[in-house]
Each structure stands twice: as structure tokens, then as C-alpha cells.
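Chains, contacts and geometry: an overview
Okay, here's what each chain looks like letter by letter:
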Amino acid sequence: MAASKRSPYWYRKKAMFVLLHLGLIISAFLISSPVLFALIKSTQTTAQIFSYPPTFAIGPAAPENYAIAWRDYHLGRLMLNTFIIAGAVTVGKTLMSLFAALALVYFDFPLKNLLFIFVLITLMMPIPVRIVPLFDLVRSFGWGNTHWALVIPFLASATGVFLFRQHFMSIPASLVDAARVDGVGPMRFLWQILVPMSMNTVGALAVIQFVYIWNQYLWPLIIIASNEKQMIQIGLKMLTGAGPEGMLNWGVAMAGTIITMLPPLIVFLLLQEQFMRGFALAEEK
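It should be emphasised that the depicted structure is a prediction, and the values quoted were computed from it without experimental measurement.

**Some remarks on the overall build of the protein**
For the protein, the count of helices and strands is 16 helices and zero strands. When contacts within the protein are restricted to residue pairs at least 6 apart in sequence, those whose partners lie at least 24 apart make up 73%. A distance of 10 Å separates the average location of the 19 positive side-chain charges in the protein from that of its 11 negative side-chain charges.

Here it is, written out as C-alpha cells:
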């Protein structure tokens, strides 16, 4: 037994194990290095940030930088606006995707497959192509400079329809037939059977949509004129403006960046299990 452990195969296996984990550690460090850099710089003074050679030690200016970012740039109000909008879009988009997938899988109507192909085609349309007609449509409804313009256009989701459709198609037909024999209607079938069986997909879609809305920049910049109604990414742009001395305070900018990362990070941590399972359904079958 001892001799077998010292065989060339054993040494190669151990070497591959060490190299694999070393590569994973290096990759994780490289991926997280921008966040670590921002976290360190958010604690430093302007003199430390522009010092040469650069220093990567924790600085003494963290309380001041975070207080300025939160108080002077109204990040709390902007984050509340964004959280409400992201939450409304996430809930509304999930509901609409559930109803659309229910119709596409369990109802028969003309051109059903063609309609689903059209839904998938919308995924290939870049946002700049849709911005001008969407802007004209929203203004014609009188939604300019309102939160309706940030919620309603995002309620339709080709990604959500696709995820729920594929998941519903994987549900055994015997379960559907049993529900029909028991006289279960479509809405009861959706809420009592399909939704409990789709919580992983719901969680995965919720993470995707919440982060997507939280990071919206171009559309809020175009449609919202009032600073009180703006979203957090516009607030981050304000942080990169020149300060009273004509110099950009990178410590405050990095502090604001760290603050605005927290809500989507918390959402992901809370739903990470559903997120991972939602995209591993094909492997679990």
C-alpha cells in the first residue's frame, strides 16, 4: 500500500491536484482584484492615492470618504429609487414570464412556435436600436421623467420566457394529465404545482433581472431629468466629477462604488443556491 502511494501515478495525481488548486486561487484573486483595489483605495486619502510608488495599505480616510459619498451625493435616496424599481421589475417580469411560458407550453393556439421564435429574436436586438422608438413611445404616453418609464418597458423578458418554457417542458406529462383528471384549472395548476416546482428558476431569473436593472445607465440617463428620481448608476457618474478643488476624489468615488455593490451582492448571496440550481437543471436530470 505504501509503495503504491509513492508510484509515479500518485505523484502525477498530487501534482495535478496542487496545480489545479493553485490555478483556481490565482484566477479567483485576479477576478476579485478590481474589487479589492477599490476597497483599499476607498480608505485612502487623495495624497496616498496619487503617491509614488503606490501604496496598497489600508488608509485612515475610510469614515470620511464613505460619509461624503453617502451624504453629499445622496446615494441613499438613489439606491432606494433603484431598489424599488429593480424589485418592481423583477416581480413583474417573473409573473409575465410565468404566464407567457404557461401559454406556450400548455395551450394550443395558431402560430405558437412562430411566436416563440419571435420572442427569441428580440434577444438579438441591441439596445441602441430600440432606444429611439422606445423613447418616442414612452413620451407619447406621458411617462417622461417618471418611474413608469423605468418599469413598464422592462416587464417583458425573452430570457424569462425561455427559462420557464424550457423548465415547464421538462415536467412529466403524467403530472399534467393527473392535474387535468382532478379538475385543476390553469391558474391553480400554475400556482400550486408549477411555481413550487420552479423556485430554482424563479430565483435564477430574480438574480439576473435585479442585477440587470440595478446596473441600468443609458436608459435612465435619457428618460429621467430629475436628480430626485434618478437611479444609482447615474449617481456613480456624479461621483466621478471634479471636486471643489478641481481634482477628482478617487477615495470618495471608490467608497461610493463599494456602497452601491452591496444590495446586488446581498441579493445574489441570498439566492445563490437557487441561482446555481436554476442553471443546472439539465445536469440534474
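**Looking at unusual backbone geometry**
In this structure, the amide linkage connecting Tyr 52 to the following residue, Pro 53, adopts the cis form with an omega of -5°. By the element assignment, Pro 53 lies in the loop between helix H3 (46–49) and helix H4 (62–72). Notably, Leu 111 is not glycine yet its phi reads approximately 60°, a positive angle. Within the secondary structure, Leu 111 is located in the loop between helix H5 (75–106) and helix H6 (112–121).

**Some thoughts on the pattern of salt bridges**
In the structure shown here, the tally under the stated rule is two salt bridges. Measuring nitrogen to oxygen at the nearest pair gives 3.5 Å for the salt bridge that ties Asp 108 to Lys 112.

**With respect to the packing of H6 against helix H9 (residues 158–169)**
Relative to each other, H6 and H9 sit at 135°, their axes nearing to 8 Å. Relative to H9, the element H6 is oriented oblique. When the axes of H6 and H9 are compared, the crossing they make is left-handed. The segment H6 lies against H9, with Phe 116, Val 119 and Leu 120 engaging Ala 158, Val 161, Phe 162, Arg 165 and Gln 166. Each residue belonging to the contact of H6 with H9 can be placed in one class, and the counts come to six nonpolar, one polar and one charged.

**Brief notes about helix H14 (residues 232–239)**
Three- or four-residue spacings in an α-helix give side chains the same orientation, since the helix completes a turn every 3.6 residues. Taken across its eight residues, H14 has six buried, putting it largely inside the fold. Among the residues of H14, those classed as buried are Ile 232, Gln 233, Ile 234, Gly 235, Leu 236 and Leu 239.

**Considering the layout of surface pockets**
Taken as a whole, the largest pocket spans an internal volume of roughly 940 Å³. Looking at the largest pocket, it is lined by 34 residues, and the ones nearest its centre are Arg 130, Pro 153, Ala 156, Ser 157 and Ala 158. Among the elements of the structure, H5, H6, helix H7 (127–140), H9, helix H12 (199–214) and helix H13 (218–223) are those that each provide at least two residues to the lining of the largest pocket. Its residues assigned to classes, the lining of the largest pocket comprises 25 nonpolar, seven polar and two charged.

**Focus on the packing of aromatic side chains**
Counted by the stated rule, this structure contains ten aromatic pairs. Between the aromatic rings of Phe 141 and Trp 143, the centroid separation amounts to 5.0 Å while the plane-to-plane angle is 55°, which identifies the pairing as tilted. Clustering of aromatic rings is evident, with ring pairs tying together Tyr 106, Phe 164, Phe 168 and Phe 189.

**Structural notes on the confidence of the model for the protein**
When pLDDT is averaged across the protein, the result is 85; 93% of the residues are at 70 or more. This stretch, residues 281–285, has a pLDDT under 50; its non-local contacts, to residues over four places away or in other chains, come to four contacts.

Procedures and definitions
Residues numbered from 1 in each chain as written. Predicted model: local features only at pLDDT ≥ 70, side-chain atom pairs only at ≥ 80, totals over all residues. Heavy atoms only, no water. Helix = DSSP H or I, 4+ residues; strand = E, 2+ residues; numbered from the N terminus. Contact = heavy atoms within 4.5 Å. Lys, Arg positive; Asp, Glu negative; His and termini not counted. Charge placed at Lys NZ, Arg CZ, Asp CG, Glu CD. Salt bridge = Lys/Arg side-chain N within 4 Å of Asp/Glu carboxyl O. Axes fitted to C-alpha atoms, helices over the stretch in contact; angles between N-to-C directions. Parallel < 35°, antiparallel > 145°, perpendicular 65-115°, else oblique. Left-handed = near helix turned anticlockwise from the far one by under 90°. Nonpolar A, V, L, I, M, F, W, Y, C, P; charged D, E, K, R; others polar. Buried < 20%, exposed > 50% of the residue type's maximum accessible area, 1.4 Å probe, protein only. 1 Å grid on protein atoms, 1.4 Å probe; cavity = no way out; pocket = protein on both sides within 12 Å on 5 of 7 lines; lining within 4 Å. Points joined across faces, edges and corners; volume = space filled by probe spheres on them. Phe/Tyr/Trp six-rings, centres within 6.5 Å; stacked < 30°, edge-to-face > 60°. pLDDT = per-residue confidence, 0-100.

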